Amino acid sequence: ENSNTNNSINNEKFQNKLGELQIPYQTFIGTYITFHDYLRSGFFLRKKTMLAKDVVNLQKQYEILQHQKELLSQDLALSNESFTVNESLAKEKIISALDLRNEKSKLISKQLSMPQVNASIISNEGSQNEKEKEIAELENQIKIQKDIFIQSLNTFKSQIQAWEYKYVLRSPISGTLSYMGFLQENQEIKMSQALFS
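All figures in this text were calculated on a predicted structure; none of them were measured in a lab.

*Asks:* Teacher, can you tell me more about the packing of aromatic side chains here?
*Replies:* The description of an aromatic ring pair rests on the distance of the ring centres and on the angle between the ring planes. Evaluated as defined, the whole model comprises 9 aromatic pairs. Taking the centre distance of 5.3 Å and the plane angle of 15° together, the rings of Phe-35 and Phe-149 count as stacked. With Phe-35 in helix 2 (residues 22–40) and Phe-149 in helix 4 (residues 97–167), this pair connects stretches of sequence that are 114 residues apart. Using a relative accessible area of 14% as the deciding quantity, one classes Phe-149 as buried.

Dropping the structure here:
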């Protein structure tokens, strides 16, 4: 708020004191304040930091899901082996058909867990992509504001140069100046009129 107050005070100092450059100055100051607020307020930088933390957390979660999938695969392999053994035992009438059916139910239950883990992994990857997309959009917004500011600055500079060309007398070389006649305040001067030598 202090910065905005200072900016408005500085703007009031120049209010109606810049003549033909007043409107270009106000346009430039508007883009400057907008760009400055993008950086100074820190909202966009804080949001980018939060999104980066979200990406890190999603990556950690992804690693956990991958580890969970690996353990589930090992457990599923053991369950398949156990079921194969139980099938052999059921053929030899060592275990009942009911026990085999229970073992098959356990195997199917474990097999159903794998698609759920895979779905969680895909969802996690999608969330990571969304966060990366948000970061890219945020960086693009900041870049756009920077480009607008630079364009406004260059436009203002060229308008100042045009004003100087129109109103400021400059010598192409250094030396001693001699008036070629009398000049009065607010005297109108014709284009290409010799004033000094």
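Here the narrative resumes, following the displayed structure.
*Asks:* I tried to follow the environment of Lys-110 on my own but got confused; where do I start?
*Replies:* Relative to the helices and strands, Lys-110 is located in helix 4. Judged by its relative accessible area of 28%, Lys-110 is partly exposed. For the pair Lys-110 and Glu-63, spaced 47 residues apart in sequence, the C-alpha to C-alpha distance is 21 Å. Setting aside residues up to four positions removed in sequence, Lys-110 forms contacts with Leu-72, Asp-75, Leu-76 and Ser-79. Side chain to side chain, Lys-110 and Ser-79 meet in a polar contact 3.2 Å long.

*Asks:* Explain the nonpolar core here, please?
*Replies:* Across soluble globular proteins, nonpolar side chains have a tendency to be buried as a group. Counting residues in hydrophobic clusters, the biggest one holds 11 residues: Leu-65, Leu-72, Leu-76, Phe-83, Ala-90, Ile-95, Leu-100, Leu-107, Met-114, Val-117 and Ile-121. At the level of elements, helix 3 (43–91) and helix 4 are the ones that each hand at least two residues to this core. Leave out the neighbours within four places in its chain, and Ala-90 touches Ile-95 and Leu-100. If you look at the next biggest cluster of nonpolar residues, it comprises 7 residues, including Tyr-38, Phe-44, Val-55 and Ile-142.

*Asks:* Help me out: how do you make sense of the side chain of Ser-152 in this one?
*Replies:* Following the sequence through the fold, Ser-152 ends up in helix 4. With relative accessibility at 11%, the residue Ser-152 sits in the buried group. Look past the residues within four positions of Ser-152 in its chain and what remains in contact with it is Thr-27, Phe-28 and Thr-31.

*Asks:* Would you mind showing me how to read the packing of helix 2 against helix 4 here?
*Replies:* Axis angle and axis distance: for two packed helices, these are the angle between their axes and the distance between the axes, and together they describe the pair. Interaxial distance between helix 2 and helix 4 falls to 9 Å at its minimum, and their mutual angle equals 155°. In terms of axis orientation, helix 2 runs roughly antiparallel to helix 4. In this structure, helix 2 meets helix 4 at a crossing whose hand is left-handed. Counting all contacts with helix 2, which are made through Pro-24, Tyr-25, Thr-27, Phe-28, Thr-31, Tyr-32, Thr-34, Phe-35, Tyr-38 and Leu-39, the residues of helix 4 involved are Gln-141, Ile-142, Gln-145, Lys-146, Ile-148, Phe-149, Ser-152, Leu-153, Phe-156 and Gln-159. Classifying every residue of the contact of helix 2 with helix 4 gives 12 nonpolar, 7 polar and 1 charged.

*Asks:* Would you mind showing me how to read the layout of surface pockets here?
*Replies:* Put simply, the largest pocket is a space of about 710 Å³. Of the residues belonging to the lining of the largest pocket, the class tally is 12 nonpolar, 7 polar and 3 charged.

*Asks:* Help me out: how do you make sense of the side chain of Thr-31 in this one?
*Replies:* With respect to the secondary-structure elements, Thr-31 resides in helix 2. The exposure class assigned to Thr-31 is buried, which follows from its relative accessible area of 18%. Within the structure, the side chain of Thr-31 is placed 2.8 Å from the backbone oxygen of Phe-28, a separation counted as a polar contact. The contact partners of Thr-31, leaving out residues within four places of it in the chain, are Ile-148, Phe-149 and Ser-152.

Basis of the calculations
- Residues numbered from 1 in each chain as written.
- Predicted model: local features only at pLDDT ≥ 70, side-chain atom pairs only at ≥ 80, totals over all residues.
- Heavy atoms only, no water.
- Phe/Tyr/Trp six-rings, centres within 6.5 Å; stacked < 30°, edge-to-face > 60°.
- Helix = DSSP H or I, 4+ residues; strand = E, 2+ residues; numbered from the N terminus.
- Buried < 20%, exposed > 50% of the residue type's maximum accessible area, 1.4 Å probe, protein only.
- Contact = heavy atoms within 4.5 Å.
- Polar contact = N/O pair within 3.5 Å; in protein donor to acceptor, adjacent residues only side chain to side chain.
- Core = buried A, V, L, I, M, F, W, Y, C linked by side-chain atoms within 4.5 Å.
- Axes fitted to C-alpha atoms, helices over the stretch in contact; angles between N-to-C directions.
- Parallel < 35°, antiparallel > 145°, perpendicular 65-115°, else oblique.
- Left-handed = near helix turned anticlockwise from the far one by under 90°.
- Nonpolar A, V, L, I, M, F, W, Y, C, P; charged D, E, K, R; others polar.
- 1 Å grid on protein atoms, 1.4 Å probe; cavity = no way out; pocket = protein on both sides within 12 Å on 5 of 7 lines; lining within 4 Å.
- Points joined across faces, edges and corners; volume = space filled by probe spheres on them.

Distances and angles like these do not, on their own, reveal function.
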